[in-house]
Amino acid sequence: MKSTSKKINPAIIFIIRFLLLFGTFYGFYLLYLGVVSPGGYYNSYLDKHFNFINDFRTLLIGISSGVLNLLGYQTKTSAEQMLVVGHNIVHIGYDCLGIAVMCFFAAFVIAYPATLRTRLIFGIAGILCIQLLNIIRIVLLSLYWKHNHAFISDHHTIFNIVVYLLIGISIYFYIRLQDKQPLHAAN
């Protein structure tokens, strides 16, 4: 008797896995952001003791400030802002953290079939590169950005376009590398 069951296309499995992972990662971020932000379902204990989102923002501000200090600029920082004396003040909002981009990238890396070692190396390197670009953006904005309504000055959109293009290029080479690996090596 012949089996009538069809195998599901691996591309469909990847797409479903990717969408579920991205939805889970980004959904968790949005949910947690809602819990640690005053109003709605606010939880002061989580906000005070486990607010990894604000901790991440503090880390980005601290690293950006450190880079500027190494370059000879004087900075003053607060929980949400960085001032470069004689230049600009930059407000680091939640949309400046690159969380959505990192969720997208992590979901792709986990969903695409590869060895655990390859996933870890590519995933960690990619997340670090995304944040390196984010730090460079914050440094450049603090030194050179002038808000001008006459020109396109939406640095978030420009940053996202650049990062997604770079992610697309890196994913292209990642896929090509994985396609050269034996099929049984992918987990």
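Remember, it's a predicted structure, so these values are computed and weren't measured experimentally.

J.: It is not clear to me how the packing of helix α1 (residues 10–36) against helix α4 (residues 99–111) should be interpreted in this structure. Could you clarify?
T.: Angle between the axes and distance between the axes: these two values describe a pair of packed helices. Two numbers describe how α1 lies on α4: the axes approach to 8 Å, and their chain directions differ by 145 degrees. Two packed elements cross with a definite hand, and for α1 against α4 that hand is right-handed. Contact residues: F14, R17, F18, L21, F22, F25, Y26 and Y29 in α1; I99, A100, C103, F104, A106, A107, F108, I110 and A111 in α4.

J.: It is not clear to me how the packing of helix α3 (residues 52–70) against helix α5 (residues 116–144) should be interpreted in this structure. Could you clarify?
T.: Relative to each other, α3 and α5 sit at 60 degrees, their axes nearing to 9 Å. What the angle tells us is that α3 and α5 run oblique. Regarding α3 and α5, the two cross each other, and that crossing is right-handed. Contacts between α3 and α5 involve F56, L60, I63, S64, V67 and L68 from the former and Q131, N134, I135, I138, V139, S142 and L143 from the latter. Across the contact of α3 with α5, the residue classes tally to nine nonpolar, four polar and no charged.

J.: Would you explain α4 in this entry?
T.: The α-helix advances 3.6 residues per turn, and as a result positions three or four apart in sequence lie on the same side. End to end, α4 covers 18 Å across 13 residues, agreeing with the expected 18 Å (1.5 Å per residue, within 8%). Here α4 has its buried residues at I99, V101, M102, C103, F105, A107, F108, V109 and A111.

J.: Is there a simple way to explain the side chain of N51 in this structure?
T.: Note that N51 resides in the loop between α2 (44–49) and α3. In this structure N51 comes out as buried when scored by relative accessible area, which is 4%. Discounting residues that sit within four places of it in the chain, N51 has contacts with Y32, V36 and L46.

J.: What should I look at first to understand the pairing of strand β2 (residues 81–84) in this one?
T.: Taken residue by residue, a regular strand's side chains alternate between the two faces of the sheet. Side-chain alternation along β2 places M82 and V84 on a buried face and Q81 and L83 on a face that remains uncovered. Two elements, β2 and strand β3 (residues 89–91), share three bridges in a ladder whose sense is antiparallel. Residue pairing for β3: L83 is matched across the bridge by I89.

J.: What's the story with the sheet that holds β3 in this structure? I'm lost.
T.: Spatial ordering of the open sheet is given by β1-β2-β3, a layout of three strands whose pairing is antiparallel. The open sheet has two edge strands with one neighbour each: β1 (75–77) and β3. Along the sheet, successive strands turn relative to each other by an average axial angle of 15 degrees, direction set aside. Looking at chain direction, β1 and β2 are connected through three bridges and run antiparallel. Bridged to K76 within β2 is L83. Across the sheet, α3 touches β1 and β2, and the angle it forms with β2 is around 10 degrees. Sitting on the sheet, α5 is in contact with β2 and β3, with an inclination near 50 degrees to β2.

J.: How do you make sense of a nonpolar patch on the surface when you look at a structure like this?
T.: A grouping of I8, I12, I13, I15, I16, L19 and L20 is seen on the molecular surface, where their side chains present a nonpolar patch of about 650 Å² in accessible area. Relative to the helices and strands, I15 is located in helix α1.

Reading guide: rules and limits
Residues numbered from 1 in each chain as written. Predicted model: local features only at pLDDT ≥ 70, side-chain atom pairs only at ≥ 80, totals over all residues. Heavy atoms only, no water. Axes fitted to C-alpha atoms, helices over the stretch in contact; angles between N-to-C directions. Helix = DSSP H or I, 4+ residues; strand = E, 2+ residues; numbered from the N terminus. Left-handed = near helix turned anticlockwise from the far one by under 90°. Contact = heavy atoms within 4.5 Å. Parallel < 35°, antiparallel > 145°, perpendicular 65-115°, else oblique. Nonpolar A, V, L, I, M, F, W, Y, C, P; charged D, E, K, R; others polar. Expected span 1.5 Å × (residues − 1). Buried < 20%, exposed > 50% of the residue type's maximum accessible area, 1.4 Å probe, protein only. Pairing = 2+ DSSP bridges. Patch = residues over 30% accessible without salt bridge, like charges linked within 9 Å, V, L, I, M, F, W, Y side chains within 5 Å. Areas by Shrake-Rupley, 256 points an atom, 1.4 Å probe, with all protein chains shown as cover. Salt bridge = Lys/Arg side-chain N within 4 Å of Asp/Glu carboxyl O.

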